[in-house]
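Reading the structure
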Amino acid sequence: MSEIKPNLEPGWYSALKEEFQKKYFLMLKEFLIEEKKKYAIFPPGALIFNAFNTTPFNEVKVVIIGQDPYHGKGQAHGLSFSVPDSVALPPSLKNIFAELNSDTGTSVPQSGNLSHWAKQGVLLLNAVLTVRENQAASHQGKGWENFTDAVVSKLNDEKEKIVFILWGRYAQEKGSLINRSRHLVLTAAHPSPFSAYHGFFGCRHFSKTNEYLKGNGVEEIIW
């Protein structure tokens, strides 16, 4: 059995290397190889682990968990809720920016690229890291959930005072892996237009995150 060693930031690779040899991950790799023969898969292969490479393991302060990548061409670039510069803002991201403006007074950004959050220690993690073009949730249940469970568990066990932001039921399922005496867990409805008015708007998660970080002597995020 050949070793799988993805292009991953060294701290993350050290934390997760055992996962890459597990049966579920080997099966996931085979699934993705077959998928790519028949379909366009997003994000591009080099960006599947973009969240980890932009936010090194030892720099994580905040984790925002999404569901799966955007499935439209050119949208997904490996950071949950984020899109590259010049790509139109998806509805959920528009609502995230509206809440950010309401909560902190930050101007609504013109670009939906959240790399500047990621570079400050905000891990923008999707529960599932790939998707088939134009088919939402098409890679759920193929093994990515096991991998991202391991990511959350590693952060929970080896770090302290991280803020986990869980929007919507799918993200909140990861909450059972988190020790709330060691970390702050913030939950709200998903920012999708279907649910944003049922508890996302007004959640004030951006200011609550910075209050917690500041209270623990950690540099705040410039949202």
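Residues numbered from 1 in each chain as written. Predicted model: local features only at pLDDT ≥ 70, side-chain atom pairs only at ≥ 80, totals over all residues. Heavy atoms only, no water.

1. Quick notes on the sheet that holds strand β6 (residues 184-188)
Paired through backbone hydrogen bonds, the strands of a sheet run either parallel or antiparallel to each other. The condition that has to hold: Criterion used throughout: strands pair if DSSP finds at least two bridges between them. Each helix corresponds to a stretch of at least 4 residues labelled H or I by DSSP, and each strand to a stretch of at least 2 residues labelled E; elements are numbered beginning at the N terminus. Every axis in this analysis is a line fitted to C-alpha atoms, fitted for helices over the stretch in contact. Angles between the N-to-C directions lie between 0 and 180 degrees. We call two residues contacting when some pair of their heavy atoms lies within 4.5 Å.
Taken in spatial order, the four strands line up as β3-β2-β5-β6 in an open sheet, and their pairing is parallel. This sheet does not close on itself; its edge strands, each paired only once, are β3 (122-126) and β6. Taking each pair of neighbouring strands and ignoring which way they run, the sheet shows an average axis angle of 20°. As judged from the four bridges shared by strand β2 (residues 62-66) and strand β5 (residues 163-167), these two strands associate in the parallel manner. Residue pairing across strands places I65 opposite L166, the latter belonging to β5. Where helix α6 (residues 144-158) meets the sheet, its contacts fall on β2, β3 and β5, and the angle it forms with β3 comes to roughly 150°.

2. Quick notes on empty space enclosed by the protein
Applicable threshold: Of the grid points, spaced at 1 Å and generated over the protein atoms alone, those admitting a 1.4 Å probe that cannot get out make up cavities, while open sets with protein on both sides within 12 Å along at least five of seven lines make up pockets; any residue with an atom within 4 Å of a point is treated as lining. Grid points are joined across faces, edges and corners, and a volume is the space filled by probe spheres set on the points. Ten residue types, Ala, Val, Leu, Ile, Met, Phe, Trp, Tyr, Cys and Pro, are classed as nonpolar, four, Asp, Glu, Lys and Arg, as charged, and the remainder, Gly among them, as polar.
One pass over the full model with this rule turns up one cavity of 30 Å³ or more. In this structure, the largest cavity encloses a volume near 50 Å³. Residue contributions to the lining of the largest cavity peak at three residues, all from β3. Classifying every residue of the lining of the largest cavity gives seven nonpolar, three polar and no charged.

3. Comments concerning α6
Note the cut-off: To estimate how far a helix should reach, multiply one less than its number of residues by 1.5 Å. Buried means the residue's accessible area, taken with a 1.4 Å probe over protein chains only, is under 20% of the maximum for its type, while exposed means over 50%, and partly exposed covers the values in between.
For α6, spanning 15 residues, the distance from its first C-alpha to its last is 21 Å, which sits close to the expected 21 Å at 1.5 Å a residue. Of the positions making up α6, those classed as buried are W144, E145, F147, T148, A150, V151, V152, L155 and N156.

4. Some points on the pairing of β2
Here β2 lies mainly inside the structure; five of its five residues are buried. Covered by surrounding structure in β2 are V62, I64 and G66 together with V63 and I65, the residues of both alternating faces. Pairing between β2 and β3: five bridges, direction parallel. Note that in β3 the partner of I64 across the bridge is L124.

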